[in-house]
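# Observations on the model geometry
Listed below are the residues making up each chain.
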Amino acid sequence: MAQGTPTTVPDDGLTTRQRRNRPLVLVNQGEGKGKSTAAFGLALRGWNQGWSIGIFQFVKSAKWRIGEQSALEALGRLHDSTGEGGPVEWNKMGSGWSWTRRSADEDPAEAARDGWAEVRRRLAEQTHTLYVLDEFTYPMEWGWIDAEEVAEVLRNRPGFQHVVITGRRCPEPILEVAGLVTTMTKIKHPFDEGQKGQKGIEW
């Protein structure tokens, strides 16, 4: 499996190339650390392939600038100046989203719906190759966004667009659409012993 060799080959009438080059919905869920980190690692690989990367953070505060954001935005600037890699766009709900005039202190449920409406529009227009919907499970879990509707949009998205969703408890309709689901299981965590987050580990 290390070299990407599947354990079984389905009788689906597709060639190896056709089966390899299918867009995926990926889910990183669970109580353990590393869900967003894994998604941003995927964004780094996508950037190296020249993909357009669209990152949408649905919960984290705009005031909290994580290390991956700085790194990926720097790579986006490198692309803009040299053409290397792919374009990168980073959006946070906590700042009211870049395409709306709403401020961060307005209704978070409405802001989440605004974010999903923009993602849905971009999927229809095939704006990005990879979408990172960070902590997107929570607005669905809280009933702000209809998981069935999200699943339908993802199932019928056109072209070649990967979507990775992170968060602790992904709704079942999304898991059914996903082609790759990983559950991060917490065994131990420094937080359990009262240790606060630290540079380079949490941000």
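Description of the structure in this document. Not measured: the values here are computed from a predicted model.

## Thoughts on helix 4 (residues 108-125)
With 18 residues, helix 4 extends 26 Å between its outermost C-alpha atoms, agreeing within 8% with the 26 Å of an ideal straight helix rising 1.5 Å per residue. Looking only at helix 4, the buried set comprises A109, A111, A112, D114, G115, W116, E118, V119, R122 and L123. Those residues of helix 4 hidden inside the fold are in contact with strand 2 (53-57), strand 3 (88-92), strand 4 (130-134), helix 5 (137-141), helix 6 (147-155) and strand 5 (162-166). Its side-chain oxygen at 3.1 Å from the backbone nitrogen of A109, D107 defines the N-terminal cap of helix 4. Positive phi appears at Q126, one or two residues downstream of helix 4, with a value of about 55°.

## A few points about the nonpolar core
Among the nonpolar cores identified, the biggest contains 27 residues, and L133 and F136 are the most heavily contacted of them. In this structure F136 touches F58, W116, I145, V150, I165 and T166, once residues within four positions along its chain are discounted. Core analysis: the next-biggest nonpolar cluster, separate from the first, contains 13 residues, L26, A39, L42 and L72 among them.

## Considering the packing of aromatic side chains
All chains considered together, the criterion is met by five aromatic pairs. Judged by centre distance (4.6 Å) and plane angle (50°), the rings of F58 and F136 are tilted. In this pair, F58 is assigned in the loop between strand 2 and helix 3 (67-82) and F136 in the loop between strand 4 and helix 5, connecting sequence segments 78 residues apart. F58 sits in the buried class, given a relative accessible area of 0%.

## A closer look at unusual backbone geometry
One non-glycine residue, Q126, lies in positive phi territory at about 55°. Here Q126 lies in the loop between helix 4 and strand 4. For Q126, a relative accessible area of 43% puts it in the partly exposed group. Positive phi values are uncommon outside glycine, yet E135 reaches one of about 60°. Mapping E135 onto the fold places it in the loop between strand 4 and helix 5.

## Notes on the pattern of salt bridges
What the rule picks out here adds up to nine salt bridges. R121 is the partner of E118 in a salt bridge, and the nearest nitrogen-oxygen pair spans 2.5 Å. In this pair, E118 and R121 both sit in helix 4, three residues apart, roughly one turn of the helix. Between R121 and E125 there is a salt bridge, with its nearest N and O atoms 2.7 Å apart. Pair noted here: R121 and E125 are both in helix 4, with a separation of four residues, about one helical turn. Judged by its relative accessible area of 37%, R121 falls in the partly exposed class. One salt-bridge network, in which partners are shared between bridges, spans E89, E118, R121, R122 and E125.

About the thresholds
- Residues numbered from 1 in each chain as written.
- Predicted model: local features only at pLDDT ≥ 70, side-chain atom pairs only at ≥ 80, totals over all residues.
- Heavy atoms only, no water.
- Helix = DSSP H or I, 4+ residues; strand = E, 2+ residues; numbered from the N terminus.
- Expected span 1.5 Å × (residues − 1).
- Buried < 20%, exposed > 50% of the residue type's maximum accessible area, 1.4 Å probe, protein only.
- Contact = heavy atoms within 4.5 Å.
- Polar contact = N/O pair within 3.5 Å; in protein donor to acceptor, adjacent residues only side chain to side chain.
- Core = buried A, V, L, I, M, F, W, Y, C linked by side-chain atoms within 4.5 Å.
- Phe/Tyr/Trp six-rings, centres within 6.5 Å; stacked < 30°, edge-to-face > 60°.
- Salt bridge = Lys/Arg side-chain N within 4 Å of Asp/Glu carboxyl O.

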